[in-house]
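Now for the letters of each chain:
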Amino acid sequence: MAENTKRTVVVTGGSRGIGRAICLAFADADTHVYFNYSSAATAAAETEKLVADASGKATGMCVNVADQKSVEDFMDKIVEETGRIDVLVNNAGITKDGLLVRMSEQDWDDVMDINLKGSFFCTKAAARVMMKQRSGNIVNITSVVGASGNAGQANYSSSKAGMIGFTKSVAKELAARGITVNAVAPGYIETDMTAEMSEKATAAMMGRIPLCRAGKPEDIAGVVRFLTSDMASYITGQVIHVNGGMYI
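Each chain carries its own residue numbering, running from 1 in the written order of its sequence. In keeping with the predicted nature of the model, local features appear solely for residues at pLDDT of at least 70, side-chain atom pairs appear and are counted solely at 80 or more, and the whole-chain, interface and lining totals rest on all residues. Hydrogen atoms and water are omitted, and side-chain values are computed over all heavy atoms in the structure.

### Quick notes on the pairing of strand β1 (residues 7-11)
Convention followed: Buried, partly exposed and exposed residues are distinguished by accessible area as a fraction of the type maximum, computed with a 1.4 Å probe on protein chains only: under 20%, between the cut-offs, and over 50%, respectively. A run of H or I in DSSP becomes a helix once it reaches four residues, and a run of E becomes a strand once it reaches two; helices and strands are each numbered from the N terminus. Strands pair, by our definition, only if DSSP identifies at least two bridges between them.
Burial of β1 is extensive: five of the five residues sit out of reach of the surface. Going residue by residue along β1, you find Arg 7, Val 9 and Val 11 tucked away on one face and Thr 8 and Val 10 tucked away on the opposite face as well. Note: β1 against strand β4 (residues 87-90), three bridges, orientation parallel. Each bridged residue has a counterpart across the sheet, and for Val 9 the counterpart in β4 is Val 87.

Structure (structure tokens):
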């Protein structure tokens, strides 16, 4: 039986970093946030606690977004519990960096499966629900390198560029049903992923940012929240770059 929830938000990759910040951005008494995680159960529990401390409700589930059946079961469970899906944020992503000539087929496929195919599976399942409602918002978290490219990240850059084309195509398909589809392209954001970069790589990255500082996960979360609000009801098919001027 569906619970009395006014808004249901689904965030992929919500256990930490940008995903956690997005979950927290939707923390309020009228919203139930669902998010998936792949292996970080402890981090997922922390996200649930932080959202609860902010007077919201969050439920984390271990789901492989690259597996269609797992995604469908995930979305079915959400609809069973709340009766609706109002927002989908495709945030889950991985990197397996390396120069093209040394990159294995497996490293290429793994990144594409999570970053791009995962967004396809999640969007397809959620869109079916939103189309019946004739309302909904979908936000895809792409990357600055999806627009600019980056040496050593041919797989990651390609997956994120694919998300941009995916965003624009799906926006055109779903607009008539009252559903907006947009993308947010983060630049250099302080997360666990960027913390693994070398000092030399970090310094080089900072040198490309006119604002001379890294972004915070909350910088991305705020734009996602805006794109899913009534203030952005006439925005669809767009890519919003949040990068401190790194890509202009």
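Still more to cover.
### Structural notes on a nonpolar patch on the surface
Note the following rule: Patch criteria: residues need more than 30% relative accessible area and no salt bridge. Like-charged residues are merged within 9 Å; nonpolar side chains of Val, Leu, Ile, Met, Phe, Trp and Tyr are merged within 5 Å. Per-residue and other accessible areas were derived by the Shrake-Rupley procedure at a 1.4 Å probe size, with only the shown protein chains allowed to occlude residues. Salt bridge, as used here: a side-chain nitrogen of Lys or Arg that lies within 4 Å of a carboxyl oxygen of Asp or Glu.
Side chains of Leu 99, Leu 100 and Val 101 sit close together on the surface and give an oily, nonpolar patch of about 350 Å² of accessible area. Structurally, Leu 100 is set in the loop between β4 and α4 (105-133). By relative accessible area, which is 60% here, Leu 100 ends up exposed.

### Focus: the packing of helix α3 (residues 68-82) against α4
To be explicit about the condition: Axis angles are defined between N-to-C directions and span 0 to 180 degrees, where every axis is a line fitted to C-alpha atoms and, for a helix, only to the segment in contact. Definitions for this section: a left-handed crossing has its near helix turned counterclockwise from the far helix by less than a right angle. A right-handed crossing has that turn clockwise. Here, two residues are considered to be in contact whenever any of their heavy atoms come within 4.5 Å of each other. Each residue is assigned to one of three groups, with Ala, Val, Leu, Ile, Met, Phe, Trp, Tyr, Cys and Pro labelled nonpolar, Asp, Glu, Lys and Arg labelled charged, and all others, Gly among them, labelled polar.
Where α3 contacts α4, the axes come no closer than 9 Å and their chain directions differ by 30°. Relative to α4, α3 is oriented so that their crossing is right-handed. Mapping the contact onto sequence places Gln 68, Val 71, Glu 72, Met 75 and Val 79 in α3 and Phe 121, Cys 122, Lys 124, Ala 125, Ala 126, Arg 128 and Val 129 in α4. Of the residues belonging to the contact of α3 with α4, the class tally is eight nonpolar, one polar and three charged.

### Section: the packing of helix α1 (residues 17-25) against helix α9 (residues 217-227)
What counts, and what does not: Angle categories are assigned with fixed cut-offs, so that under 35 degrees is roughly parallel, over 145 is roughly antiparallel, 65 to 115 is roughly perpendicular, and the rest are oblique.
As a packed pair, α1 and α9 sit with axes 8 Å apart at the nearest point and diverge in direction by 45°. Viewed along their axes, α1 and α9 adopt a mutual orientation that is oblique. Every pair of crossing elements has a handedness; the one defined by α1 and α9 is right-handed. On α9, the residues that touch Gly 17, Ile 18, Ala 21, Ile 22 and Ala 25 of α1 are Pro 217, Glu 218, Ile 220, Ala 221, Val 224 and Arg 225. Partitioned by chemical class, the residues of the contact of α1 with α9 number eight nonpolar, one polar and two charged.

### So, the pattern of salt bridges
Taken as a whole and assessed by the stated rule, the structure comprises nine salt bridges. Arg 225 is the partner of Asp 28 in a salt bridge, and the nearest nitrogen-oxygen pair spans 3.9 Å. Placement of the pair is Asp 28 in the loop between α1 and β2 (31-37) and Arg 225 in helix α9, with a sequence separation of 197 residues. One salt bridge in this structure joins Glu 81 and Lys 77, with 3.3 Å as the shortest N-O distance. Of this pair, Glu 81 and Lys 77 both sit in helix α3, four residues apart, which is roughly one turn of that helix. Of the residues examined, Lys 77 reaches a relative accessible area of 33% and is grouped as partly exposed.

### A closer look at the state of the cysteines
Quick note on the threshold: The term disulfide is used for any two cysteine sulfur atoms that are within 2.5 Å.
The full count for this structure, using the stated rule, is zero disulfides. The closest cysteine sulfur to the non-disulfide-bonded Cys 122 is located on Cys 23, 13 Å from its own sulfur. A residue is classified by how much of its surface remains accessible, and Cys 122, at 1% relative accessible area, is buried.

### What about the side chain of Asn 91?
With respect to the helices, strands and loops of the structure, Asn 91 is situated in the loop between β4 and α4. Accessibility expressed as a relative area gives 12% for Asn 91, which makes it buried. Setting aside residues no more than four positions away along its own chain, Asn 91 makes contact with Thr 12, Gly 13, Ile 18, Gly 19 and Ile 141.

### Things to note about the environment of Arg 16
You can see Arg 16 is positioned in the loop between β1 and α1. Contact partners of Arg 16, with chain neighbours within four places excluded, come to Thr 47 and Asp 192.

### Describing the sheet that holds β2
If you walk across this open sheet you meet the seven strands as β3-β2-β1-β4-β5-β6-β7, and the pairing is parallel. At either margin of the open sheet sits one strand with a lone partner, and together these are β3 (57-62) and β7 (239-242). Each strand axis lies, on average, 20° off the axis of its neighbour in the sheet, ignoring direction. In this structure, strand β6 (residues 179-186) lies alongside β7, joined through four bridges in parallel fashion. If you follow Pro 186 over to β7, its bridge partner there is Val 242. The sheet contacts of α3 involve β1, β2, β3 and β4, and relative to β2 the element is tilted by about 160°. Packing against the sheet, α9 makes contact with β1, β4, β5 (136-141), β6 and β7, and its axis sits at approximately 165° to β6.

In short, shape yes, function no, at least from these values alone.
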